[in-house]
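Below, each chain spelled out in residue letters.
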Amino acid sequence: VNRARRVRAAPAVVLLVLIGGGCTVASPSPAAYRERTALVITDAISHVATAQKVLEASQDDKILGAYALATVRSSDDTLNTAVGAYEELYPPRSMDPTFNRASSLLGDATDLVTAARIALYRHDRADYPGLVDDLEQLTAELERLEKELS
Amino acid sequence: VKKVFAVALGILTAIGGFVDIGDLVTNAQVGSRFGLSLAWVVVLGVAGICVFAEMSGRVAAVSGRATFDLIRERLGPRVGLANLFASMAVTLLTFIAEIGGIALSLTLVTSVHEFLWVPFTGAAVWIVLWRVKFSLLENVFGLLGLALVVFAVALWQLGPDWEQLWHQASTVAKPQSEHWSTYSYYAVALFGAAMTPYEVFFFSSGGVEEHWDARKLGLMRSNVFVGFPLGGLLSLAIAGCAAVTLLPAGISVDSLGQVGLPVALALGKLGLAVAVLGFFAATFGAACETGLSLGYSISQYFGWQWGKYVRPREAARFHAVVLLATVLAVGVLLTTIDPIMVTEFSVVFSAVALPLTYFPILVVANDRDYMGDHANGRLSNFLGSFFLVVVLVAAVAALPLMVWTKMGQ
């Protein structure tokens, strides 16, 4: 009887283990972690470059205010989500230098894109040139890291 | 003069109505990551939808019966029901994406969050489907959709290296940073975006509603063979704009705002306003078409009274399906799911579901009992069989590629 019960309970146990496994935060291998870092850096480049292009277009009065704000807000939201998901991972010890460098650049990216969003909302046109320069520099640094990781 | 006007109007609305949220997003995504190296897929997809729409339009005109009426008859109730279920699931997914697309378009000109727009857009779509005449609906959104020509103007204004663009478009190559698996995934997605099943449900059901007969075949063919390819050029212009401005900047598209950014850079505020009008018209028009397609197909299968030309009271179940679909679509979007992600799923699943309706239409178009002298000729059969193979390959490859590439990452 016990054996039959155990057999019947097996699928439920397997299901629980699978669900439990799915709910835990991943601790990827160094290669997988490197790949995830490269992906989030590529994402960050995309959103930082978007904010830069929008600010440049706003400087030249080429873009509608609401359009500029909606586009950068979307980039800000997506970037924050991507960075949040990346930072939930547990980096392998050997990848600590990569983690530190990526975290620092990603932190700068989220801060700058948020700053661009706020500047657009407030119409702080005087801040646009400085932000464009900062975003451009950050893109160059992100691209360097992306190259190293690829 | 009246005939020329009818042909011109049909072609113009076919061009303007060709692009929907799937085309907007997928073409811009592909352009921003692969340049024009996947342009051949757009050409293939447009040729495929021309063959499919011509066959189903001819079947509708000659037999006077719409797609799911014939599918049930040819495949039997059980297989027909399974077919209906899968096709409607994909069409519903596309309907959700289109309503989300309208909300995103409105966000771009108001900066009010898209989720606040969703209930209003859902209500607006339903009111239009309930109250507005079929011809008005088709013509107004089709003509307003022509605003997307602004992408072709923007591409010209951006002054790209045309030789390089032609080189990208004429060679099967990819950027070094991309894998062949992602290239293949986007090829399938682009094919699914160009060859969406709802376009054919709407086109053939519209033909039955407007009482097409064999005399209307010329008009139908001019819409298909002139209007659709010109609509396909709009898709290429969207990809071209992204290839010229977004790809060099490292921007990969995941919002509707990024799709229109090249137009702002090329033409400024006025051009951008026209592009947003095009986004709105394309998504609203496609939302109406997908909503109606759901009502049409389900009603045709069960033999209910259907259509926009009969009074709502006489086609109560048809309108109930449209209303329920709208409520469901709004409910799904209010879970705060990203409409762009829904769009990405919808184009891939379109590719998966395509053979379910393509194959029965090909069979009926060959059947002389239904079609008489208007059955497929040699050329139609060759093209029909060739695209059957293409459609099957895309359908089989779509899901494994989606899983393998983690949706094109």
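Here, every reference points to the structure presented above.
Within each chain, residues carry numbers counting from 1 in the order of the written sequence. Lettering for chains starts from A, numbering for ligands starts from 1, and both go in the order in which the items are written. The model is predicted, so local features are restricted to residues of pLDDT at least 70 and side-chain atom pairs to those at 80 or more, both for listing and for counting; the totals for chains, interfaces and linings are taken over all residues. Heavy atoms from the whole structure form the basis of all side-chain values; hydrogens and water molecules are not counted.

Right, let's get into the pattern of salt bridges. All names here are of chain B. Salt bridge criterion: a side-chain nitrogen from Lys or Arg within 4 Å of a carboxyl oxygen from Asp or Glu. Using the criterion set out here, one finds eleven salt bridges over all chains in the structure. Between arginine 65 and aspartate 69 there is a salt bridge, and its shortest N-O distance comes to 3.2 Å. When accessible area is computed with a 1.4 Å probe and restricted to protein chains, residues below 20% of their type maximum are described as buried, those above 50% as exposed, and intermediate ones as partly exposed. What makes arginine 65 partly exposed here is its relative accessible area of 22%. Ionic pairing is found between aspartate 213 and arginine 215, a salt bridge with its closest N-O pair at 2.6 Å. According to the relative accessible area criterion, aspartate 213 is partly exposed, its value standing at 24%. Through salt bridges that share partners, Glu54, Arg58 and Arg221 make up one connected network.

Let us now look at helix α10 (residues 180–194) of chain B. Residues that lie three or four places apart on an α-helix share one face, since the helix turns once every 3.6 residues. Residue and element names in this part refer to chain B. Numbering of helices and strands starts at the N terminus; helices are DSSP runs of H or I of at least 4 residues and strands are runs of E of at least 2. To estimate how far a helix should extend, the number of its residues minus one is multiplied by 1.5 Å. When the terminal C-alpha atoms of α10 are compared, their 21 Å separation across 15 residues agrees well with the 21 Å that a helix rising 1.5 Å per residue should span. Where burial is concerned, most of α10 is hidden: twelve out of the 15 residues are buried. Looking at α10, one finds that the buried residues are Thr182, Tyr183, Tyr185, Tyr186, Ala187, Val188, Ala189, Leu190, Phe191, Gly192, Ala193 and Ala194. Contacts are assigned to residue pairs with any non-hydrogen atoms lying within 4.5 Å of each other. The inward-facing, buried residues of α10 contact α2 (21–34), α3 (39–63), α11 (197–209), α15 (339–366) and α17 (378–404).

Nine residue types can take part in a nonpolar core, namely buried Ala, Val, Leu, Ile, Met, Phe, Trp, Tyr and Cys, and a core is a set of them joined through side-chain atoms within 4.5 Å. Counting residues in each nonpolar core, the largest one holds 180 residues, and the members touching the most others are Ile41 and Ile63 of chain A together with Leu38, Phe95, Phe151, Phe279 and Tyr358 of chain B. By residue number, the principal contributor to this core is helix α13 (residues 256–302) of chain B, which donates 21 residues. Once you skip the residues sitting within four places of it in the chain, leucine 38 of chain B turns out to touch Val30, Tyr183, Tyr186, Ala187 and Leu190 of chain B.

Moving on: the layout of surface pockets. Residue and element names in this part refer to chain B. The rule is simple: put a 1 Å grid over the protein atoms alone, call a set of points where a 1.4 Å probe fits but cannot get out a cavity, call an open set with protein on both sides within 12 Å along at least five of seven lines a pocket, and count a residue as lining if it has an atom within 4 Å of a point. Grid points are joined across faces, edges and corners, and a volume is the space filled by probe spheres set on the points. Approximately 750 Å³ is the volume found for the second largest pocket. Per-element tally for the lining of the second largest pocket: the top contributor is helix α1 (residues 2–16), with eight residues. Tallied by class, the residues present in the lining of the second largest pocket amount to 17 nonpolar, eleven polar and seven charged. Gly falls in the polar group here, along with every residue not listed as nonpolar (Ala, Val, Leu, Ile, Met, Phe, Trp, Tyr, Cys, Pro) or charged (Asp, Glu, Lys, Arg).

A few words on the interface of chain A and chain B. Residue-level contacts link 22 residues of chain A with 28 residues of chain B. Take the accessible area each of two parts loses on contact, using a 1.4 Å probe, and add the two losses: that sum is the buried area. For the pair chain A and chain B, the summed buried surface comes to about 2100 Å²; carbon and sulfur atoms form 62% of the total. Looking at the side of chain A facing chain B, the largest losses of area belong to Lys53, Lys62 and Tyr67 of chain A, adding up to 30% of the total buried there. If you look at where chain A meets chain B, you find two salt bridges. Here a polar contact means two N or O atoms within 3.5 Å. Within protein one must be a hydrogen donor candidate and the other an acceptor candidate, and residues neighboring in sequence count only if both atoms are side-chain atoms. Counting every contact that joins chain A to chain B gives nine residue pairs in polar contact (both at pLDDT 80 or more). Put simply, the parts of the chain that give the side of chain A that touches chain B at least two residues each are α2 (30–59) and α3 (65–87) of chain A. In terms of residue class, the side of chain A that touches chain B is made up of eleven nonpolar, seven polar and four charged.

Residues and elements named next belong to chain A. Phi is positive for aspartate 61, which is not a glycine, with a value near 55 degrees. Assignment of secondary structure puts aspartate 61 in the loop between α2 and α3. For aspartate 61, a relative accessible area of 45% puts it in the partly exposed group. The phi dihedral of histidine 123 is positive, around 55 degrees, even though this residue is not glycine. Counting through the fold element by element, histidine 123 comes out in the loop between α4 (96–122) and α5 (128–149). Accessibility expressed as a relative area gives 58% for histidine 123, which makes it exposed.

Quick look at the packing of α10 of chain B against α17 of chain B now. Residue and element names in this part refer to chain B. An axis is simply a line fitted to the C-alpha atoms; with a helix, the fit covers only the stretch in contact. Between two such axes, the angle follows the N-to-C directions and lies from 0 to 180 degrees. Interhelical geometry of α10 versus α17 gives an angle of 130 degrees and a closest axis separation of 9 Å. Relative to α17, the element α10 lies oblique. Here the hand of the crossing between α10 and α17 comes out left-handed. Facing α10, whose interface residues are Ser181, Ser184, Tyr185, Val188 and Phe191, α17 presents Val390, Val391, Ala394, Ala397, Ala398, Leu401, Met402 and Trp404. In terms of residue class, the contact of α10 with α17 is built from eleven nonpolar, two polar and no charged. Orientation is classified from the angle alone, with under 35 degrees giving roughly parallel, over 145 giving roughly antiparallel, 65 to 115 giving roughly perpendicular, and any other angle giving oblique. Crossings are sorted by hand: turned counterclockwise from the far helix by less than a right angle, the near helix makes the crossing left-handed, and turned clockwise it makes it right-handed.

All names here are of chain B. Side-chain rings of Phe, Tyr and Trp (the six-membered ring for Trp) are treated as a pair once their centres are within 6.5 Å; stacked means planes under 30 degrees apart, edge-to-face means over 60, and tilted covers the remaining angles. All told, the structure shown has 24 aromatic pairs over all chains when counted by the stated rule. With centroids separated by 5.6 Å and ring planes inclined at 55 degrees, the aromatic side chains of phenylalanine 34 and tyrosine 186 adopt a geometry described as tilted. Pair noted here: phenylalanine 34 is in helix α2 and tyrosine 186 is in helix α10, with a separation of 152 residues, a long-range link. Each member of the pair, phenylalanine 34 as well as tyrosine 186, carries the same accessibility label: buried. Ring geometry for phenylalanine 345 against phenylalanine 349: centres 6.3 Å apart, planes inclined by 25 degrees, an arrangement best described as stacked. Taken as a pair, phenylalanine 345 and phenylalanine 349 lie in helix α15 at a separation of four residues, close to a single helical turn. Residue phenylalanine 345 is classed as partly exposed on the basis of its relative accessible area, which comes to 25%. Here phenylalanine 349 falls in the partly exposed class, since its relative accessible area comes to 26%. Through a chain of ring-to-ring contacts, the aromatic side chains of Phe34, Trp180, Tyr183, Tyr185 and Tyr186 assemble into a single cluster. Whether a charge sits over a ring depends on NZ of Lys or CZ of Arg being within 6 Å of the ring centre and within 35 degrees of the ring normal. Over the ring of tyrosine 301 we find arginine 72, and its NZ or CZ is 4.9 Å from the ring centre. Lying across the ring of tryptophan 180, lysine 174 places its NZ or CZ 5.4 Å from the centre.

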